[in-house]
Structure formats: C-alpha cells, structure tokens
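Here's the letter readout for the chains.
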Amino acid sequence: MNKWLTFKYNIDDLLNQSDAYKIKKKWQDIKKKLNGYVPNHLISFFKSIEKYKNKKINILDHGCGGGLTVFILVLNGYNNVWGVDISNTKNFMKRSAKINKILSILTKSKSKKILSYDGKKIPFRSHFFDLIFSQQVLEHVEDNLLKHYLSEEKRTLKDNGMIFHQIPHRLGPYEGHTKKWCIHWLPKNLHCFLLKKDPQSLDLVKNYLFLRWPWALKKEFKKYFIEVTNITFYRLKYDIYSSEFSLKEKLARKFLVKIFKIPYLGVYLSKLLSIFFQLEVIAKKKD
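Remember, it's a predicted structure, so these values are computed and weren't measured experimentally. Every chain's residues receive numbers from 1 upward, in the order its sequence appears when written. Local features in a predicted model are, by the rule used here, given only for residues with pLDDT of at least 70; side-chain atom pairs are given and counted only at 80 or more, and totals for whole chains, interfaces and linings are based on all residues. With hydrogens and water stripped out, all remaining heavy atoms of the structure feed into the side-chain values.

*Asks:* In this structure, what is going on with the overall build of the chain? I would like to understand it.
*Replies:* Each helix is a run of H or I in the DSSP string that is no shorter than four residues. Each strand is a run of E no shorter than two, and both are numbered from the N terminus. In terms of helices and strands, the chain carries eleven helices and nine strands. Burial classification: accessible surface area is computed with a 1.4 Å probe over protein chains only, and a residue below 20% of its type maximum counts as buried, one above 50% as exposed, and the rest as partly exposed. In the chain, which comprises 287 residues, the proportion classed as buried is 48%. Two residues qualify as a contact provided that any one of their heavy atoms is within 4.5 Å of a heavy atom in the partner residue. For the chain, long-range pairs separated by at least 24 residues make up 72% of all intrachain contacts whose partners lie at least 6 apart in sequence. For the chain, the accessible surface area stands at approximately 15500 Å², while carbon and sulfur atoms represent 57% of it. Neither His nor the chain termini are counted; the positive set is Lys and Arg, and the negative set is Asp and Glu. Each charge is placed at NZ for Lys, CZ for Arg, CG for Asp and CD for Glu. Taking the average place of the 54 positive charges on the side chains of the chain and the average place of its 25 negative ones, the gap between the two points comes to 4 Å. The protein chains shown are the only cover counted for residues, whose accessible areas, like all others here, come from Shrake-Rupley with a 1.4 Å probe.

*Asks:* Help me out: how do you make sense of the environment of Gly266 in this one?
*Replies:* As for its placement among the helices and strands, Gly266 is situated in helix H11 (residues 265-273). For Gly266, a relative accessible area of 0% corresponds to the buried category. The sequence separation of Gly266 and Arg125 amounts to 141 residues, and the corresponding C-alpha distance is 44 Å. Leaving out residues up to four positions away in the same chain, Gly266 has contacts with Ile259 and Phe260.

*Asks:* Help me understand helix H6 (residues 143-156), please; the structure alone is not making it clear to me.
*Replies:* Here, expected helix span is obtained from the residue count minus one, scaled by 1.5 Å. With 14 residues, H6 ought to run about 20 Å at 1.5 Å a step, and its terminal C-alpha atoms sit 21 Å apart, in line with that. Those residues of H6 lying buried are Leu146, Tyr149, Leu150, Glu152, Glu153, Arg155 and Thr156.

*Asks:* Would you explain a nonpolar patch on the surface in this entry?
*Replies:* A cluster of nonpolar side chains, contributed by Ile262, Leu265, Tyr268 and Leu272, occupies part of the molecular surface with about 390 Å² of accessible area. Turning to its location among the elements, Leu272 is positioned in helix H11. We classify Leu272 as partly exposed; its relative accessible area is 47%. For patch detection, residues must exceed 30% relative accessible area and be free of salt bridges, and they are connected within 9 Å for like charges or within 5 Å for nonpolar side chains (Val, Leu, Ile, Met, Phe, Trp, Tyr). By convention in these notes, a salt bridge is any Lys or Arg side-chain nitrogen within 4 Å of a carboxyl oxygen on Asp or Glu.

*Asks:* Would you mind showing me how to read helix H2 (residues 20-34) here?
*Replies:* Across its 15 residues, H2 extends 21 Å between first and last C-alpha, which sits within 8% of the 21 Å expected from 1.5 Å per residue. Among all positions of H2, only Ile23, Lys26, Trp27, Ile30 and Leu34 are buried. On an axial view of H2, the arc spanned by its buried residues comes to 100°, and they lie on one face. In H2, the exposed positions angled more than 90 degrees off the buried face are occupied by Tyr21 and Lys32. Buried residues along H2 sit against helix H1 (3-15), helix H4 (68-75) and helix H5 (90-106). Polar contact is the term for a pair of N or O atoms within 3.5 Å; when the atoms are in protein, one must be able to donate a hydrogen and the other to accept it, and sequence-neighboring residues count only if both atoms are side-chain atoms. Two to three positions downstream of the cap, the backbone nitrogen of Tyr21 sits 3.1 Å from a side-chain oxygen, assigning the N-cap of H2 to Asp19. Downstream of H2 by a residue or two, Gly36 has a phi angle that is positive, lying close to 80°. Read the arc as the range of directions from the helix axis to the C-beta atoms.

*Asks:* Sorry, what's going on with the packing of aromatic side chains here?
*Replies:* In this description, an aromatic ring pair is defined by two values, namely the gap between the centres and the angle between the planes. Only Phe, Tyr and Trp rings are paired, with Trp represented by its six-membered ring, and only when their centres lie within 6.5 Å; those with planes under 30 degrees apart are stacked, over 60 edge-to-face, the remainder tilted. Scanning all chains against the criterion turns up 15 aromatic pairs. Between Phe124 and Phe129, the aromatic rings sit 4.9 Å apart at their centres with planes inclined by 65°, giving edge-to-face as the arrangement. An angle of 5° between the planes, with centres 5.5 Å apart, marks the rings of Trp213 and Trp215 as stacked. Its relative accessible area of 25% is what places Trp213 among the partly exposed residues. A connected cluster of aromatic rings, assembled from ring pairs, spans Phe45, Phe46, Phe133 and Phe164. One cation-aromatic arrangement involves Lys47 over Tyr234; the distance from NZ or CZ to the ring centre is 5.3 Å. Whether a charge sits over a ring comes down to the Lys NZ or Arg CZ being within 6 Å of the ring centre and within 35 degrees of the ring normal.

*Asks:* Help me understand the sheet that holds strand E3 (residues 114-116), please; the structure alone is not making it clear to me.
*Replies:* Pairing between the strands of a sheet comes from backbone hydrogen bonds, and it takes one of two forms, parallel or antiparallel. The mixed open sheet is built from seven strands, whose spatial order is E3-E2-E1-E4-E5-E9-E8. Either end of the sheet is taken by a strand with one partner, and the two such strands are E3 and strand E8 (225-230). Across the sheet, the axes of successive neighbouring strands diverge by a mean angle of 20°, strand direction being ignored. Here, a strand pair is defined by DSSP locating no fewer than two bridges between the strands. Here four bridges tie E8 to strand E9 (residues 279-285), and the two strands are oriented antiparallel to one another. Axis definition: a line fitted to C-alpha atoms, limited for helices to the stretch in contact. Angles are taken between N-to-C directions and run from 0 to 180 degrees.

Shown next, in the form of structure tokens:
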C-alpha cells in the first residue's frame, strides 16, 4: 500500500477514536509510520514554505474539504492550522466536529480548526495568516464569487504573507474530473453536447466546474497580489504513486520524470511543458 492510502486510512481510524488517550496513542502510531511524510501533490507547497523556519506561523487551507491536508501540516509540525469550506452537508459537519475535537487534543488549542463559511467572507480578522493555500478549489468557484475568494485571501493575509494555489485549468489535455481528453478545450455548449451520454459529468461541467485558461488565472491573481510565480515545474521531476491516478497515467508520468531529470535539458523541458500540467502558483500580498 502506498503512503498516501496508508495516511488516509490511519486518519479515518483516528477520527473513529473518541477517548483522548486513544487519540494521542493513535497519533503517535501515525507519527512513527509517517513522520515527515509529504504526499506527491504537496511537494511544491512544502518546498515553497521551507523559508518559514518558525512552525508557529498561522496557515489557512482555503477550501479544506475533508481536512486531510490540515493533518499533513500538523504531522509536519505546523500546529496553527485552520481550514474553511463552503460545504454544510451533514457529512462535512459531522467530520469537521470530529476533526476539531481531535485537533484540540493534539495541538492543545481551544479554537475550532475546521469551519464552514458562505464562500464570501473568511471568518477571520484581517492580517491573520502568514500563509494561505488552496488545492484544486478555484476550478469550482463561479466567476461572481472569484473576486470574493481572492480579495478575502488578500484581506486575511499578513503584509509579508504568501499564498499558494494548485489549480486544474483548461490547457491541461486530460480533465481529471470527467476523465476525458481535450474536449474541455471546446466552447462550453459543445463540451456539454459531447457529454450528453454521461449525465454525471454533464451536471458537473454545467454547474460545478469552471475551468479557466492559465493566463486568465494569472491575470486574476495580479489584481490582488504581486510577484505571481508559476512553480508547477518544481514537482514534475517527482514520480507519482497516488491511487487517484490510473496505471496509464503513472506510466506516462514515469516516462516524463526520467526526461525531466536529464541535466540541463530536463529543467528546460519541465519549464516549457509545465503549462500543460495543473497550475501551481505562489504570490505575495499587494499593498
């Protein structure tokens, strides 16, 4: 079993614990198995925060979902971590309540770490976070909410703070949500027409998926932040092991990783081809 699945299963087991002693014991077991573990999809993120030697910095996971990344950060020594998400389903509320209880024990903090919000105003004071990151969220944010999403990050970020975003976009040839190749390059009405025999994907594309071109995303970030930098190429030299990828995807990635590791030429090619991979961008607060 790969480490990501091991981590997920262990966190699920942790969330089933209710006794404080058992929670602490289970967490110690997780630390022994996975101490210092960073999953493939967070390699660039952790590389970008190496400059923060003080692990007491305040971090926000903007669009935290099930809270797994919050646990990854705590596992790596960052205890001042919060997550917000617009989900208010029973499953999310039940899971977040469990996470909040467990993290209050592990981090010795009384504040709730996982919160539900309205998608417009982040429930924290201005200039609170040193670092805000968001994983595969912006492609689900409608145009009319995008300004709130980014302006709220700017408001709650400290003056010397940094944001990190990981965003699937239209230029990537393989669309991971619908598991289709290239048809998302077409106009949306034609894209939907080609998905008419796949109702689930059609509903997703119509109502919950708002893919943008990478240059359009960068333009949006520049409205609120400075030094907007694409760091996608950082992770391309690393292999992938996640169960989320098919065998064909893993083999293709292994082939590309070998090419990207070629001295000099590999660096050039990784930067050149990175535009076709999921965008990873860092930026600083705009005065």
